[in-house]
Amino acid sequence: MLRSTSLLATKACRNTARRVFVRKISTSGQEQCDVVIVGGGPAGLALASALGSKQHTLGNIKIALVEAGDLSKVRKWTPEEGTFSNRVVSLTNESQAFLDSIGSWQYVEQSRTAPIEEMQVWDGVSDARIEFHSSELGLEHPEQGMARLTEVLNLQRGLLRHLQLIPEVQIIDQTKVTSITAESVDGGWPLVQLENGRVLRSRLLVGADGLNSPVRSFAKIPTYGWSYDRHAIVATMVHPAKSPLLGPNTTAFQRFLPTGPIAFLPLSPTVSSLVWSTTPELAAALKQTAPSVLARMINAAFRLPENSLTYIHSQILQAHQAGMPIQDAEIKGLIQWRESSCAIKENSAYSTAAFDTPEKLAGVPPDDAVLVPPMVTSIQPGTIASFPLRYNHAETYTGLNNRAVLVGDAAHTIHPLAGQGLNLGLGDVECLSRVIHNAVLRGGDIGSYTSLLPYSQERYLENHKIMSICDKLHKLYSTTFGPVVQLRTMGLEMLNEFDSIKAALMSIAGSSAPTRIRREGGSFHGEFGATALSLAATGFEGVTAAAATVQALTNLVRDRAKAQFDERGKGGNTL
């Protein structure tokens, strides 16, 4: 036994010596790092902060972050009071808790964040509606809302402020990566060549470098996906403060139109952010019009029937194709005509007449004011932009024997309809930082495929579920086919009647697990959450699938309710 142990120890020493020898002969003129993160966006900065926040990890590994842009501009970002940038993210409670746990959240300017305490989501064809209220979802801290909105720059600046207190993390900005190669030996370390001539030799290379990731190309990780043939228009909207009778501006509104969803996201009492997914042609036409035209169309998109919007869109496209963008007076007349045709009264919240007479917005709001967002009166100058939407997913997050791993948009891109893109990326960062920390504690090789395997195993399926749900929702609400509209309307109206079901769905989306779901484990709430997630991820693509979904949800509610009544000795099923 002693002889066997001695032989193993001798072999281990020889292997260690061999590794040390390889490192000595291959590092001449190179800077050796344990972790090199390529990409200084929120995901890359969050990973650097997470690794830097763990003292044991920081004391045993050397970390460098490379970014092509000038991060000093982000550090010095000081926007004018009352103005907001057009790149806004929704951070779930889980994401906020993670940022807080690594010490970064306290450096994010809280006055430039806004809670979402309520959500109004409805079908643009049938007007079927579902409402979420943080006070009804069983959240541990409902006063904090279901999520919190903030600008990307505010989050990046907060992460950079945190990293300034961690000098051990080296930040190399204003420097492009010119190439990434691997050492010739088996399992060799990646060599990251920078445009300033420096070469970083890394035990682990992390790609946080976006959709067109050079790290992913180096790792030879294939992707699959498709274009949605949709563009997202973003802008910062200005509107009057809501009446005290309506409460604060903490409600997010989203209407699913056949051309894509339009979202109204609160940032302050008088400012909100727009994300409007629509056709590339309409996005281009709207960007060419005056800001007042876009403001009128935003108001109309939340208020007019779908067929009226379709007609107005056709007029905007005709004018754009003729090389003469539609004018404010013309769009005003078109909207007023359609409102009159639809018998929308001037004193209704669905009327846009107050756009030209803002004084009418003062006083007691109409009864239907809770159903639509505040009236947009102007667009903050310089904030109108658009970008194409696509679905993209890497086939794996870890390279095979090349010491590379992907996080965030380098691994996956998603439709913005649920605001989950950055949250998935922060979920990646939390998991990867934990996996690296555990490998360091075990004395393992943080760049080995075996050490990184738990990261891919945990995150790939989790991301795929959410991505599939968003993709299916986009497809489900892109049709005006009558039977499908009727079935999705039935499903949405039924879901709106059950707070427990809505709590389960919001738990899936990361609004922090409701306490009652955690306590009851496999009871109705957790069972329904799993069923709803499975159904959403696997089907909704046709009338048969939609009908099966509605029937399955109905049967689950009925069976569980009957079982609960039977257990309590109250007899039969009342549903």
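Structure: above.
Keep in mind the model is a prediction, meaning the values are calculated, not measured.

J.: Just to check I follow, could you spell out the layout of surface pockets for this structure?
T.: The probe, sized like a water molecule, is rolled over the atoms to show the empty space still left. A volume near 700 Å³ is recorded for the second largest pocket. As for the second largest pocket, its lining consists of 32 residues, and the residues nearest its centre are L246, L361, P365, P366 and A369. Broken down by secondary-structure element, the contributors of at least two residues to the lining of the second largest pocket are β5 (118-123) and β13 (251-257). A class-by-class count of the residues in the lining of the second largest pocket yields 19 nonpolar, eight polar and five charged.

J.: Please clarify how the packing of helix α9 (residues 291-301) against helix α11 (residues 328-341) should be interpreted in this entry.
T.: Between two packed helices, what matters for the description is the angle formed by their axes and the separation of those axes. Where α9 meets α11, the axes come as close as 9 Å, and the angle between the chain directions of the two elements is 15 degrees. Taken together, the axes of α9 and α11 lie roughly parallel to each other. As α9 runs across α11, the sense of the crossing is left-handed. Along its contact with α9, which presents S292, V293, R296, M297 and A300, the element α11 presents D328, I331, K332 and I335.

J.: When you look at the packing of helix α2 (residues 42-53) against helix α6 (residues 152-163) in this model, what are you seeing that I'm missing?
T.: Closest axis-to-axis distance for the α2/α6 pair is 9 Å, and the angle between their directions is 25 degrees. Here α6 runs roughly parallel to α2, going by the angle between their axes. Read as a crossing pair, α2 and α6 show a hand that is left-handed. Contact residues: α2 offers P42, L45, A46, A48 and S49, while α6 offers V152, L155, Q156, L159, L160, H162 and L163. For the contact of α2 with α6, a count of residues per class yields nine nonpolar, three polar and no charged.

J.: I would appreciate a short explanation of the sheet that holds strand β7 (residues 147-151) in the present structure.
T.: Think of a sheet as strands paired side by side through backbone hydrogen bonds, with each pair either parallel or antiparallel. The strand order across the open sheet formed by three strands is β3-β7-β4, and the pairing between neighbours is antiparallel. A single partner strand is all that each edge strand has here, and the edge strands are β3 (88-92) and β4 (113-116). Averaged over neighbouring strand pairs, the angle between their axes works out to 30 degrees when direction is ignored. Bridge count for β4 against β7 is four bridges, and the pairing is antiparallel. Note that in β7 the partner of P115 across the bridge is R148. Sheet strands touched by helix α5 (residues 93-101): β3 and β7. Its angle to β3, the strand with the most contacts, is close to 85 degrees. Lying on the sheet, α6 is in contact with β3, β4 and β7; it crosses β7 at an angle near 90 degrees.

What counts and how
- Residues numbered from 1 in each chain as written.
- Predicted model: local features only at pLDDT ≥ 70, side-chain atom pairs only at ≥ 80, totals over all residues.
- Heavy atoms only, no water.
- 1 Å grid on protein atoms, 1.4 Å probe; cavity = no way out; pocket = protein on both sides within 12 Å on 5 of 7 lines; lining within 4 Å.
- Points joined across faces, edges and corners; volume = space filled by probe spheres on them.
- Helix = DSSP H or I, 4+ residues; strand = E, 2+ residues; numbered from the N terminus.
- Nonpolar A, V, L, I, M, F, W, Y, C, P; charged D, E, K, R; others polar.
- Axes fitted to C-alpha atoms, helices over the stretch in contact; angles between N-to-C directions.
- Parallel < 35°, antiparallel > 145°, perpendicular 65-115°, else oblique.
- Left-handed = near helix turned anticlockwise from the far one by under 90°.
- Contact = heavy atoms within 4.5 Å.
- Pairing = 2+ DSSP bridges.

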